[in-house]
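Descriptive structure summary
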Amino acid sequence: MALIAAAALAGCTSGTTEATPDPTGTTAPGSTAPGTTATATPAPSRAPTGRTPEGTLLMADFGGDTVTFVDPGRDGSGEGGAPIASVEVGTAPYGLVVGEDGRAWVATAEGVAVVDTQRRARLGTVPYETETGPVTTGEYRGGGMGIALAPDGRHVYVGVNVPGGNGTVEVIDTATREVTGVADVGRRPFDVDVSPDGREVYATGHDSFDVTAVDADTLRTRRMEVAPYGTEGGLGSWLKPHYAVVRPEDGRLLLPFEGERLAVLDPRTGEVTVERMTANTHQHGVALAPDGTVLVVGTGPIGADDEDPSLTVRTPDGKERIVPLDGPHEDVAVSADGRIAYVTGGFTRDGYWNGITVVDLDDEEDDEKDEPVRLEAGNRPLGIAIL
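Note that the coordinates shown come from a computational prediction; the quantities given were computed from them, not determined experimentally.

A closer look at the overall build of the protein
Within the protein, the secondary structure is distributed over 0 helices and 30 strands. By the burial criterion, 58% of the 387 residues in the protein qualify as buried.

Next up, the structure:
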């Protein structure tokens, strides 16, 4: 898998909009850096001073036009955690991705914001070349949705939603912060992923029941239908693809559907095989742990027989553990050691909450388990990354 409204950034029609970062890289306790707003008054130990600690969470606030930095608490467990600071990035940020250089690329309704995560300052915004209409908020707003970074860090790929039509993938050169290419893809590109070798980019078209493969060099495209329930109902159907994750050992894409079916797409042939899932709930975000465990966010029921929100923990051999969640959630990130999952409470539809649920993945089904920890932070958070 990966992935969020009232202030508009000036100068977003062309070029890059610059913000002035704190030249010292520090901000005095009780104050905020330029382009920064506090989500909550941080405790003195968490005041936004110095450089951002490793392991800090970064999430896109779809309802707040910001990204929020969050202390994940003791040993990353969520216990004692709290927001550190927030940085303004533009209207309705959705997905985000962070490079090894510490820059975050955030897909907003206006363009892709670039954030220095160490100094917690916005460096600029790369406007879209795709015409998306007026800048708006809400679930169907135009602008960036899914976003991914090339393995070599030289390009960012962002899926751009065009209300009422097919979307695009725009290619951004990370050195120049300019759009260098545009490829046509399906409707509402919820998620964007890249092949392990960096040769192809995959845009998951939510409203067109497909994944579009984009050649990273030529920008030629191939459409592959992914519809294990069929396409009946069209735009009104709930049974559509949302998020995907690329399995590194074979390059196949894993796309969960409704806690019942896992579509496994071979992008070389377009062939889709289906594996059984057990959560029986509408599903959105997906992530892959280092050991190959798949984590899938269940947002809650869409039918009378569906189950409540959950996090599916699916091992490489297909065994599943279902962790109940309190209320709808959207996306998930997993710690580098595969021990902890962080699930955002934003949700693209109503029913969201402002925070993150922290799930200890070491808990075994037959053992006495700790309850997931709810960590209040942000404003309708969607995309999330671990710094």
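Side note on the sheet that holds strand S14 (residues 189-194)
Taking strand neighbours across the sheet as the criterion, the 4 strands line up as S14-S15-S16-S17 in an open arrangement whose pairing is antiparallel. Both edges of this open sheet fall to S14 and strand S17 (221-225), since each of them pairs with a single strand only. Here the strands of the sheet are splayed against their neighbours by 20° on average, with no regard to which way each runs. The pairing of S14 with strand S15 (residues 200-205) spans 5 bridges and is classified as antiparallel. Looking across to S15, one finds that aspartate 193 is bridged to tyrosine 202.

Examining the confidence of the model for the protein
The predicted model of the protein has a mean per-residue pLDDT of 88, with 85% of residues at 70 or higher. Contacts for the low-pLDDT stretch residues 1-45, under 50 throughout, to residues beyond four places or in other chains number 121 contacts.

Details of the side chain of threonine 281
One can find threonine 281 in the loop between strand S21 (271-276) and strand S22 (282-288). For threonine 281, a relative accessible area of 0% translates into the label buried. Among the polar contacts made by the side chain of threonine 281, one reaches the main-chain carbonyl oxygen of glutamate 307 at a distance of 3.2 Å. Filtering out sequence-adjacent residues up to four positions away, threonine 281 remains in contact with Glu258, Gly259, Gly298, Thr299, Gly300, Pro301, Glu307, Asp308, Pro309 and Ser310.

Concerning the pattern of salt bridges
Taken as a whole and judged by the stated rule, the model has 18 salt bridges. Between arginine 222 and glutamate 200 there is a salt bridge, with its nearest N and O atoms 2.6 Å apart. You can see arginine 222 sitting in strand S17 and its partner glutamate 200 sitting in strand S15, a full 22 residues away along the chain. With relative accessibility at 18%, the residue glutamate 200 sits in the buried group. As a salt-bridge pair, aspartate 207 and lysine 240 come within 3.0 Å of each other at their nearest N and O atoms.

A closer look at the environment of threonine 273
In this fold, threonine 273 is placed in strand S21. For threonine 273 and proline 228, which are 45 residues apart along the polypeptide, the C-alpha to C-alpha distance reads 8.7 Å.

Brief notes about the nonpolar core
One recurring pattern in soluble globular proteins: nonpolar side chains tend to sit buried together. Tyr94, Leu254 and Val286 are the most contacted members of the largest nonpolar core, which has 15 residues in total. Among the elements of the structure, strand S20 (261-266) and strand S23 (294-300) are those that each provide at least two residues to this core.

Some points on the pairing of strand S27 (residues 340-344)
Here S27 lies mainly inside the structure; 5 of its 5 residues are buried. Burial along S27 is two-sided: the residues Ile340, Tyr342 and Thr344 and Ala341 and Val343 are all buried. As defined by bridge partners, strand S26 (residues 332-334) adjoins S27 across 3 bridges and the pair is classed as antiparallel. Each bridged residue has a counterpart across the sheet, and for valine 334 the counterpart in S27 is alanine 341.

Thoughts on the sheet that holds strand S25 (residues 320-324)
Taking strand neighbours across the sheet as the criterion, the 4 strands line up as S22-S23-S24-S25 in an open arrangement whose pairing is antiparallel. Among the strands making up the open sheet, the edge pair consists of S22 and S25. On average, each strand axis in the sheet is tilted by 20° relative to the strand beside it, whichever way the strands run. The sheet contact formed by strand S24 (residues 310-314) and S25 spans 5 bridges and is antiparallel. Counted as the bridge partner of arginine 314 is glutamate 320 from S25.

Regarding the packing of aromatic side chains
Across all of its chains, the model carries 4 aromatic pairs by this definition. On the numbers, 6.0 Å between centres and 80° between planes, the contact of tyrosine 94 with phenylalanine 190 is edge-to-face. Residue tyrosine 94 is located in the loop between strand S5 (82-88) and strand S6 (96-98), and its partner phenylalanine 190 is located in strand S14; the two are separated by 96 residues in the primary sequence. Across the pair, exposure class does not vary: tyrosine 94 and phenylalanine 190 are buried alike. The interplanar angle of 80° and the centroid separation of 5.6 Å between the aromatic rings of phenylalanine 190 and tyrosine 243 together place this pair among those described as edge-to-face. Note that phenylalanine 190 is positioned in strand S14 and tyrosine 243 in the loop between S17 and strand S18 (245-246), a separation of 53 residues in sequence. For the pair shown, phenylalanine 190 and tyrosine 243 are each scored as buried. Among the aromatic residues, those joined into a cluster by ring pairs are Phe62, Tyr94, Phe190 and Tyr243.

Details of unusual backbone geometry
One non-glycine residue, arginine 188, lies in positive phi territory at about 55°. As for its placement among the helices and strands, arginine 188 is situated in the loop between strand S13 (178-184) and S14. The backbone of phenylalanine 209 shows a phi angle near 55°, a positive value even though the residue is not glycine. Within the secondary structure, phenylalanine 209 sits in the loop between S15 and strand S16 (210-215). Exposure remark for phenylalanine 209: the relative accessible area of 4% places this residue in the buried category.

Parameters at a glance
- Residues numbered from 1 in each chain as written.
- Predicted model: local features only at pLDDT ≥ 70, side-chain atom pairs only at ≥ 80, totals over all residues.
- Heavy atoms only, no water.
- Helix = DSSP H or I, 4+ residues; strand = E, 2+ residues; numbered from the N terminus.
- Buried < 20%, exposed > 50% of the residue type's maximum accessible area, 1.4 Å probe, protein only.
- Pairing = 2+ DSSP bridges.
- Axes fitted to C-alpha atoms, helices over the stretch in contact; angles between N-to-C directions.
- pLDDT = per-residue confidence, 0-100.
- Contact = heavy atoms within 4.5 Å.
- Polar contact = N/O pair within 3.5 Å; in protein donor to acceptor, adjacent residues only side chain to side chain.
- Salt bridge = Lys/Arg side-chain N within 4 Å of Asp/Glu carboxyl O.
- Core = buried A, V, L, I, M, F, W, Y, C linked by side-chain atoms within 4.5 Å.
- Phe/Tyr/Trp six-rings, centres within 6.5 Å; stacked < 30°, edge-to-face > 60°.

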